[in-house]
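Examination of the molecular architecture
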Amino acid sequence: MRRQRSALVIQSNWRGAVQRSDFQALRGATVVVQNAFRCKQAAVELRHLKAEAREAGKLLEDKKVLENKLKEVQGTLELVQNQRNDLRQEVKDLKVALMEAQAALEAAAADREQQLEALREDAQAQTRAAKEGAAAAQRALVEVQTAAAADTQRLTGEKSELDRQLKVAQDYIGRLMTEKSDLDKRFHGMKEELIQRLQNACAQRDDARAQIMELENRLKVAGSEMAKQEAEARKAIQAATAAAASAPPGTAAAAAAGAAAAVAGVTPESHPLANGDIAAGTSMRRQ
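Residues numbered from 1 in each chain as written. Predicted model: local features only at pLDDT ≥ 70, side-chain atom pairs only at ≥ 80, totals over all residues. Heavy atoms only, no water.

With that settled, consider the overall build of the protein chain. Scanning the protein chain from N- to C-terminus turns up 4 helices and 0 strands. In the protein chain, the succession of helices and strands from N to C terminus is α-α-α-α. The proportion of buried residues among the 287 residues of the protein chain is 19%. For the protein chain, the proportion of contacts with a sequence separation of at least 24, taken over those separated by at least 6, is 91%. Approximately 20700 Å² of the protein chain is accessible, and the part contributed by carbon and sulfur atoms is 56%. (Helix = DSSP H or I, 4+ residues; strand = E, 2+ residues; numbered from the N terminus. Buried < 20%, exposed > 50% of the residue type's maximum accessible area, 1.4 Å probe, protein only. Contact = heavy atoms within 4.5 Å. Areas by Shrake-Rupley, 256 points an atom, 1.4 Å probe, with all protein chains shown as cover.)

Here you go:
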């Protein structure tokens, strides 16, 4: 009885040691497969982030093109402002010319009045002096009045023409002011859009850099862990092989077949830890 009990205890301890060794080997192989799958996923994600970084560079090129367009719009605005200043100067010149014409008209009217007064006095003197010169004086007076009327009509026509030109210039200035206000609105809109797009591009670039650095750190950590776990797996497999070699033939073959089947049946998709890590990594990337 004592021998049977001792044999049962020895067999139980031996079987437990063999099962623990097989379990440790299986766990090490599973961890190696998980690390390989995680490294592959991290490499794919790194390629995606590099592509996003290239898109951010394209956005910077678009920003330079928009800045050049903004400079062109500013040059057009300066040209319009210069034209407006020139038109203002022309309006001032027209006003000065109109004032000079009015002064000339008033001077001509005063001269006409003086001439008429002088002619009246001469006519009266000539009438009192001699009735023979009355007809000649009357004809001269008629000619002076006709010339004065013609001058008055001509100056009135020039005044109306200057008024018309002044009105046309004022209408043109009004249109230029309307175009200037439209250009100002477009300029402010383009400026705000450029600032917003630049801020978005900078934010995307910073996010991509942070994610790339995080993935590179994760790759380094995963590589070091994979190397350690491969070393532990080799040691565990060597220990299991040595234990199987020293065990009875039937037990060693069954243990080796069970360990090989367990290692072959573990996949990244079927293991709960791998799926949980992938889901956690996906949610972290979305955030």
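Taken as a whole and assessed by the stated rule, the structure comprises 6 salt bridges. Taking the shortest distance from any N to any O, the salt bridge between aspartate 163 and lysine 159 comes out at 3.4 Å. Residue aspartate 163 and its partner lysine 159 are located together in helix α2 (residues 134–246), separated by 4 residues, close to a single helical turn. Accessibility expressed as a relative area gives 31% for aspartate 163, which makes it partly exposed. For lysine 159, a relative accessible area of 33% corresponds to the partly exposed category. (Salt bridge = Lys/Arg side-chain N within 4 Å of Asp/Glu carboxyl O.)

Of all hydrophobic cores here, the largest spans 9 residues; its members are Leu77, Val80, Leu87, Val91, Leu166, Ala169, Ile173, Leu176 and Leu183. Elements with a contribution of two residues or more to this core: α1 (2–129) and α2. Top contributing element to this core by residue count: α2, with 5 residues. When neighbours within four sequence positions are excluded, leucine 176 is seen to be in contact with Val80, Arg84 and Leu87. (Core = buried A, V, L, I, M, F, W, Y, C linked by side-chain atoms within 4.5 Å.)

Another aspect to go through is the environment of leucine 77. Inspection of the secondary structure puts leucine 77 in helix α1. The contact partners of leucine 77, leaving out residues within four places of it in the chain, are Lys180, Leu183 and Asp184.

Okay, the confidence of the model for the protein chain next. Detail in the predicted coordinates should be disregarded across regions flagged by low pLDDT. Considering every residue of the protein chain, the mean pLDDT works out to 78; 85% of them sit at 70 or more. For residues 257–287, every residue scores under 50 in pLDDT, and the model assigns this stretch 24 contacts once sequence neighbours within four places are set aside. (pLDDT = per-residue confidence, 0-100.)

Turning our eyes to something else, we now look at the side chain of lysine 180. With respect to the element layout, lysine 180 can be found in helix α2. Overall, the relative accessible area of 18% leaves lysine 180 in the buried class.

Along the chain, alanine 29 falls in helix α1. The exposure class assigned to alanine 29 is buried, which follows from its relative accessible area of 19%. Measuring from C-alpha to C-alpha, the distance between alanine 29 and alanine 236 comes to 9.6 Å, with 207 residues separating the pair along the chain.

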